[in-house]
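Breakdown of the fold
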Amino acid sequence: MRISEIKKSSKVAAVDFVPAWGDLNGNIQRLVAAAEKVAAQGVDYAVFPETAVSGYLFSDTAELAPYLDTIPGKTTAAILPVLAQTGMYMSVGIAERDSETGLAYNSAVLMGPEGIIGKYRKIGLNSQDQKVFAPGNTGVKTFDTPIGRIALLICYDDTYWQYVRLAALEGAQIIGWHSVSDRMMPDATAAEMLGDHSTVAHVQHMSALNGVWVVCATRSGIETNPITKGQLYYNGGSSVWSPSGHKVAQSPVLSPLELEPGLNGIYSAMIDLDEADKQRNTLLAKRRPDLYSPTLAFHRSPTDINATSTIVQTTFIAAQWEKSVSKLDSIQVGENELLVLPELSALPYTDDPNIILSHAETRGGVFEQILCKAAYEGKGYIVGSYPEIDTDKLYHTVVLAGPAGDILARYRVTHLNERDSGWAMAGHAVSVTATPIGRIALAAAHELEVPELAGLYSALRADILAAPAGIPSDLKVEIDSHLYSVENPPTGRADFIPYAIATLNQLWVICGGRNERDSTSAAIYGPEPVVLTPTLTAQRGAEDVRLQTQVPAPFTWINQERLISGQQAIWFTPLTR
């Protein structure tokens, strides 16, 4: 397709569509009617939910079998005439039967006026999927259309940063994400409520970390399996996200309610493909594939011997300093506590490379001595960073001091931001250190926008990522606060990137940082922020924010072991190139 044929600006829509359980033919007709109504609103590309022609809540393959469709099949045959007439593009979730093998797949198909363009079979299967679907075998592909390069993902795929990254590496401009983001019914037991993860509460990372437009369609309403009497409800939240990670449209988030099958809402936005190309290329240029091979492509079994096996209690402390000061001379830590300082901890915050260079030291210099002394006196752990000089080379170096009064680890920042690149060279190795309070990884907070780095640390089974931060980010958590079960949800107040990294890699992220007006980068991010582990930001005027907790982190529906063992690393090779 010639670039001149591509429409640079388009109207996209996330469609809330409610299927009737087990009504294949009826749902197909409802989809046709819904597609006609969506197209009448001038939509160029519409995304419909997962398993939209069958329903989702099936207990085994025999229950689902009568409601499977092929691709091409009944659904595509019914919808394609509407698309040919209106010119609209559309993707929809189908419980697919493979015509050759008979296997069932949780699939999405992309169609347009010219016919079927491509399909995707869900790779990231959750426990409900695994009852009835085989693992996807299509890989993640990007499809060229006159409205842009589109990739398809499905629901629980958003638990993994890798799948949308694979799409971005193929040049995707738009991600169509198809979901039935479920929650437990209000009468569920406390144990059942721990499964209340609501995947639509995780979608912001797909745009923010990859610079793509993301159109997220999920459904609303209560679904009842008439055979088992099992129930789930779907809380809405269909949304559209810009390449900068900001939300531009969203449906209401709802409590359980009975809804009539069919079209329940259209949530649209105008998108600009040039914005995606610019943002995606900027983010991908920061990658360091030389660091990622071969670790990111390895399959890690649940019996990974690197993983921490003993649960310990510890206290995390994220220091909060004003921009204009360094409080290095007054740092204190207690026994078995971990204190993380702001980045370039011996300096007030500055963008001036000359000031930064004036504080450059060799290893074992005054800065490291101060950290070692404080860690020794308190019998705890301290992480900070400084400009390190090594003969004629300069690095931004993060160090971990331990209770014996020595430096346990040094990490030279591997992914430089604009400020660091003005004076520092990039390092060439990651750092994970086993300690009595868990496996501690080191990074600078700004480089967490490259998800491969934290992905390495997750694969190396880090429990804690200590990441000194600079000033607060402009990109905050924008996920609807109604999607959280924890008190004080992080919407609008927590920096988004470290928040996303904690949950995507199922580890603690601790950022000492600076405060600026009513915002702060000093925070503690837990791995399951929707249900269990709160996101804590330092209060205005406070010297720090603290949390007494356990390592490895407590978990609900997922933990790092389940995350690692559920990854389909067979598809990850492009991440290492």
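Note that the coordinates shown come from a computational prediction; the quantities given were computed from them, not determined experimentally. (Residues numbered from 1 in each chain as written. Predicted model: local features only at pLDDT ≥ 70, side-chain atom pairs only at ≥ 80, totals over all residues. Heavy atoms only, no water.)

1. Examining the overall build of the protein
If you tally the helices and strands in the protein, you get 14 helices and 29 strands. Relative to its length of 577 residues, the protein is compact, with a C-alpha radius of gyration of 24 Å against a globular reference of 25 Å. Seen along its three principal axes, the alpha-carbon backbone of the protein occupies a region of about 75 × 55 × 45 Å. Taking all 577 residues of the protein together, the buried fraction comes to 63%. Relative to all contacts within the protein whose residues are 6 or more apart in sequence, the contacts with residues 24 or more apart total 70%. Carbon and sulfur atoms make up 50% of the accessible area of the protein, which amounts to about 20,600 Å² in all. For the protein, the centre of its 44 positive side-chain charges and the centre of its 62 negative side-chain charges are spaced 3 Å apart. (Helix = DSSP H or I, 4+ residues; strand = E, 2+ residues; numbered from the N terminus. Rg over C-alpha atoms; globule rule 2.2 N^0.38 Å. Buried < 20%, exposed > 50% of the residue type's maximum accessible area, 1.4 Å probe, protein only. Contact = heavy atoms within 4.5 Å. Areas by Shrake-Rupley, 256 points an atom, 1.4 Å probe, with all protein chains shown as cover. Lys, Arg positive; Asp, Glu negative; His and termini not counted. Charge placed at Lys NZ, Arg CZ, Asp CG, Glu CD.)

2. Topic: helix H13 (residues 496-505)
The element H13 is largely enclosed, with a buried count of 10 among its 10 residues. Regarding H13, the residues found buried are Phe496, Ile497, Pro498, Tyr499, Ala500, Ile501, Ala502, Thr503, Leu504 and Asn505. Remark: Gln506 follows H13 within two positions and exhibits a positive phi of approximately 50°.

3. Some words on the UniProt feature "domain: CN hydrolase" (unreviewed entry) in the protein
Mapped onto this numbering, the UniProt entry annotates "domain: CN hydrolase" (unreviewed entry) at residues 10-273 and 307-553. Regarding residues 10-273, the helix share stands at 21% and the strand share at 33%, and the terminal C-alpha atoms are separated by 8 Å. (UniProt positions renumbered as here; feature names shortened; annotations may be inferred.)

4. So, the pattern of salt bridges
Applying the stated criterion across every chain, the model contains 27 salt bridges. Arg183 serves as the salt-bridge partner of Asp196, at 3.2 Å between the closest nitrogen and oxygen. With Asp196 in the loop between helix H6 (190-193) and helix H7 (204-208) and Arg183 in strand S9 (residues 182-183), this residue pair connects regions lying 13 residues apart in the sequence. When its relative accessible area of 4% is taken as the criterion, Arg183 is described as buried. With its nearest N and O atoms 2.8 Å apart, the salt bridge here joins Glu388 to Arg412. Residue Glu388 is found in strand S18 (residues 381-390), and its partner Arg412 is found in strand S20 (residues 407-412); the two are separated by 24 residues along the sequence. (Salt bridge = Lys/Arg side-chain N within 4 Å of Asp/Glu carboxyl O.)

5. Observations concerning the sheet that holds S9
Overall, antiparallel pairing links the three strands, which are arranged S9-S12-S11 in an open sheet. For this open sheet the edge positions go to S9 and strand S11 (220-224), each flanked by a neighbour on one side alone. As judged from the five bridges shared by S11 and strand S12 (residues 231-235), these two strands associate in the antiparallel manner. Each bridged residue has a counterpart across the sheet, and for Glu223 the counterpart in S12 is Leu232. (Pairing = 2+ DSSP bridges.)

6. Looking at the side chain of Arg288
Take Arg288: it is sitting in the loop between helix H8 (273-284) and helix H9 (289-292). There is a polar contact of 3.2 Å between the side chain of Arg288 and the side chain of His428. Leaving out residues up to four positions away in the same chain, Arg288 has contacts with Thr414, His415, Ala426, Gly427 and His428. (Polar contact = N/O pair within 3.5 Å; in protein donor to acceptor, adjacent residues only side chain to side chain.)

7. So, the nonpolar core
Considering soluble globular proteins, one finds that nonpolar side chains tend to be buried as a cluster. Counting residues in hydrophobic clusters, the biggest one holds 120 residues, and the most contacted among them are Tyr45 and Leu465. Judged by nonpolar contacts, the second largest core, of 27 residues, contains Phe17, Ile28, Val92 and Ile94. (Core = buried A, V, L, I, M, F, W, Y, C linked by side-chain atoms within 4.5 Å.)

8. Observations regarding the packing of aromatic side chains
Inspection of the entire model under this criterion finds 11 aromatic pairs. When the ring of Tyr156 is compared with that of Tyr160, the centres are 5.9 Å apart and the planes differ by 85°; the resulting orientation is edge-to-face. The residues Tyr156 and Tyr160 share a single accessibility class, namely buried. The lysine or arginine in question, Lys379, covers the ring of Tyr376, its NZ or CZ lying 3.8 Å from the ring centre. Against the face of Tyr395 rests Arg412, its NZ or CZ located 3.9 Å from the ring centre. (Phe/Tyr/Trp six-rings, centres within 6.5 Å; stacked < 30°, edge-to-face > 60°. Lys NZ or Arg CZ within 6 Å of the ring centre and 35° of its normal.)

9. Brief notes about the side chain of His202
Checked against the element boundaries, His202 lands in the loop between H6 and H7. Setting aside residues no more than four positions away along its own chain, His202 makes contact with Asp158, His197, Thr503, Val530 and Trp557.

10. Notes on the environment of Ala217
Its location among the elements puts Ala217 in strand S10 (residues 213-217). Expressed as a C-alpha distance, the spacing of Ala217 and Gly115, which sit 102 residues apart in the sequence, is 22 Å. Not counting chain neighbours up to four residues away, the residues in contact with Ala217 comprise Ala14, Val15, Val47, Phe48, Pro49, Trp177, His178, Ser179 and Ser238.

11. Let's talk about the pairing of S11
Extensive coverage of S11 is indicated by the burial of four of its five residues. Connecting the antiparallel pair S11 and S12 is a turn made up of six residues, with Lys229 showing a positive phi of about 70°.

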